[in-house]
Amino acid sequence: MATGRDDDLDGPEITDDELLDVADNPQQAAELHRALRTLAKNDKVGPELQQMAREVLSGRIGMRDAIESDRYLSAIGARLGEMRTAAENLSPEERKASEQRAVKLREDYEAEHGPDPYEDDEDWTVRRDDRP
């Protein structure tokens, strides 16, 4: 189960493999694991999302259970709403800079991991078990 100790978790941390129930592949599980670590340590996301990330990382709750929880789903929805409002209020210069950062992040990702095989999927709601 545990890979190592994270002082923020009061114990051992889950492995990437323990996220495969919600990830399409080991690479995506590793990315989700990194994202959870980022959430757990980032005060800007708010205490609910930090707690959710810590709960998942510690193995006290599964990722699927976390995203199906009304409590955490509400916190995720609220944070996404804040992000949307912030994005809508960007100046044209800020929007252009944001788009450039997104392009750079995508290029860096693809340089490290290769192109996303599902990038052009229009039906992104298809369960991973139903994909070819």
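Residues numbered from 1 in each chain as written. Predicted model: local features only at pLDDT ≥ 70, side-chain atom pairs only at ≥ 80, totals over all residues. Heavy atoms only, no water.

Caption draft 1: Structural context of the overall build of the chain. Scanning the chain for helices and strands turns up 5 helices and 2 strands. Moving toward the C terminus, one meets the helices and strands of the chain in the order β-β-α-α-α-α-α. Relative to its full complement of 132 residues, the chain shows a buried share of 23%. Long-range contacts, defined here as pairs at least 24 residues apart, represent 38% of the contacts in the chain between residues at least 6 apart. Just so you have it, the chain exposes about 9300 Å², and 50% of that area is on carbon and sulfur atoms. (Helix = DSSP H or I, 4+ residues; strand = E, 2+ residues; numbered from the N terminus. Buried < 20%, exposed > 50% of the residue type's maximum accessible area, 1.4 Å probe, protein only. Contact = heavy atoms within 4.5 Å. Areas by Shrake-Rupley, 256 points an atom, 1.4 Å probe, with all protein chains shown as cover.)

Caption draft 2: Structural view of the pattern of salt bridges. For the structure shown, the criterion picks out 7 salt bridges. One salt bridge connects Glu13 with Arg37, and the closest N-O pair in it is separated by 2.7 Å. Taken as a pair, Glu13 in the loop between strand 2 (11-12) and helix 1 (26-41) and Arg37 in helix 1 lie far apart in primary sequence, 24 residues in all. With a relative accessible area of 4%, Glu13 lands in the buried category. (Salt bridge = Lys/Arg side-chain N within 4 Å of Asp/Glu carboxyl O.)

Caption draft 3: View of helix 5 (residues 92-113). Its 22 residues place the ends of helix 5 31 Å apart at the C-alpha level, agreeing with the 32 Å of an ideal helix rising 1.5 Å per residue. Two residues or fewer past helix 5, Gly114 is found with a positive phi of approximately 90 degrees. (Expected span 1.5 Å × (residues − 1).)

Caption draft 4: Structural view of the confidence of the model for the chain. Per-chain confidence: the chain averages 84 in pLDDT, with 80% of residues scoring 70 or above. Within the chain, helix 2 (residues 47-58) carries the highest mean pLDDT (94), whereas strand 1 (residues 5-6) carries the lowest (46). (pLDDT = per-residue confidence, 0-100.)

Caption draft 5: Up close: the nonpolar core. Residues Leu19, Leu36, Leu49, Met52, Val56, Met63 and Ala66 are the most contacted members of the largest nonpolar core, which totals 16 residues. Breaking this core down by element, the ones donating at least two residues are helix 1, helix 2, helix 3 (63-68) and helix 4 (70-88). Not counting chain neighbours up to four residues away, the residues in contact with Val56 comprise Ile14, Leu19, Leu36, Ile61, Gly62, Met63 and Ala66. (Core = buried A, V, L, I, M, F, W, Y, C linked by side-chain atoms within 4.5 Å.)

Caption draft 6: Looking closely at the environment of Leu49. Mapped onto the secondary structure, Leu49 falls in helix 2. Expressed as a C-alpha distance, the spacing of Leu49 and Arg79, which sit 30 residues apart in the sequence, is 8.7 Å.

Caption draft 7: Spatial organisation of the side chain of Glu13. At a separation of 2.6 Å, a polar atom in the side chain of Glu13 contacts the side chain of His33. Here the side chain of Glu13 touches Arg37 through a polar contact of 2.7 Å, side chain to side chain. (Polar contact = N/O pair within 3.5 Å; in protein donor to acceptor, adjacent residues only side chain to side chain.)

Caption draft 8: Local environment of the packing of helix 2 against helix 4. With their axes 9 Å apart at the nearest point, helix 2 and helix 4 run at an angle of 130 degrees to one another. Regarding the angle of helix 2 to helix 4, the classification is oblique. Relative to helix 4, the crossing made by helix 2 is left-handed. Contact residues: Glu48, Leu49, Gln51, Met52 and Glu55 in helix 2; Arg71, Tyr72, Ala75, Ile76 and Arg79 in helix 4. (Axes fitted to C-alpha atoms, helices over the stretch in contact; angles between N-to-C directions. Parallel < 35°, antiparallel > 145°, perpendicular 65-115°, else oblique. Left-handed = near helix turned anticlockwise from the far one by under 90°.)

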